[in-house]
Amino acid sequence: MFDLREETPDDWWEVEALYDLCFAPGREALSSYRLRDEVPKVAALCLVARDESGVIGGAIRYWPVRIAGHRALLLGPVAVHPTHQGEGVGALLIAQSLNKAQDIGWDRVMLVGDPPYYSRFGFSHLPGVVMPPPTNPDRVLGLELSDGAWDGITGAVERDLPAG
């Protein structure tokens, strides 16, 4: 059993260590990380899953982006500790955070990921939505949280910098 809650500043080091464990070295060189530079994460949607011992078993983060002036959520990274993979922790994090995103008014979510895995949550290919290179366009996926949210949206994904 896992307790899901919003990530706090005190969780930062543990979450980063989990991401380091689960992803290849140089993960921060990926194009999706350029979209996060100087952009605050969407804190209400960044969750950690702690087991009964209080150890982080999984984490998910979201960032705002823009495509042709339209706001969207960029899901990722999401990771599950190797000792808890296959237990549904990732699915729980994704499902709960997507429900919360819809509840707080977000219309669309995108990610770069494995289509067979993410299709079970309703994600599908986003033709015409272009991530910075070197991203495989077949792995650019989107989900509508409101009907028609992705209709007619094409273009380059850009950072959603805070005003000021």
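Let me begin by describing the structure that accompanies this report. Predicted, not measured: the structure shown is a model, and the values here were computed from it.

Our next topic: the pairing of strand 5 (residues 108-112). As a general feature of sheets, a regular strand has side chains that alternate between the two faces. Judged by how many residues are buried, strand 5 sits mostly within the fold: 4 of 5 residues are covered. Pairing geometry for strand 4 (residues 70-80) and strand 5, over 2 bridges, is parallel. Note that in strand 5 the partner of Leu-74 across the bridge is Met-110. For the segment spanning strand 4, helix 3 (residues 89-103) and strand 5, crossover handedness is right-handed. Sheet topology note: the strand 5/strand 8 (residues 140-144) ladder contains 5 bridges and is antiparallel. Bridging from a neighbouring strand, Val-109 pairs with Leu-143 of strand 8.

In this section: the pairing of strand 3 (residues 56-67). Among the 12 residues that make up strand 3, 11 are buried, leaving the element largely enclosed by the rest of the structure. The pairing of strand 2 (residues 47-50) with strand 3 spans 4 bridges and is antiparallel. Bridge pairing in strand 3 links Leu-47 to Ile-60. As consecutive antiparallel partners, strand 2 and strand 3 are separated by 5 residues, and within that stretch Gly-54 has a phi angle of approximately 90°, a positive value. As paired strands, strand 3 and strand 4 are joined by 9 bridges and run antiparallel to one another. Bridging across to strand 4, Pro-64 finds its partner in Leu-73.

Attention now goes to the pattern of salt bridges. Applying the stated rule across the entire model yields 10 salt bridges. Note that Asp-11 and Arg-5 form a salt bridge whose closest N and O atoms lie 3.1 Å from each other. Taking the relative accessible area as the measure of exposure, Asp-11 reaches 2% and is therefore buried. Look at Arg-5 and you get partly exposed, because its relative accessible area is 29%. Asp-11 is the partner of Arg-50 in a salt bridge, and the nearest nitrogen-oxygen pair spans 2.7 Å. Here the residue Arg-50 occupies a position in strand 2, and Asp-11 occupies one in the loop between strand 1 (3-6) and helix 1 (12-22), the gap between them amounting to 39 residues. By the burial criterion, Arg-50 is buried, and Asp-11 matches it. Look at the salt bridges and you will find they share partners, linking Arg-5, Asp-11, Glu-14 and Arg-50 into a network.

Cut-off values and rules
- Residues numbered from 1 in each chain as written.
- Predicted model: local features only at pLDDT ≥ 70, side-chain atom pairs only at ≥ 80, totals over all residues.
- Heavy atoms only, no water.
- Buried < 20%, exposed > 50% of the residue type's maximum accessible area, 1.4 Å probe, protein only.
- Helix = DSSP H or I, 4+ residues; strand = E, 2+ residues; numbered from the N terminus.
- Pairing = 2+ DSSP bridges.
- Right-handed = clockwise from strand over helix to strand, strands pointing away.
- Salt bridge = Lys/Arg side-chain N within 4 Å of Asp/Glu carboxyl O.

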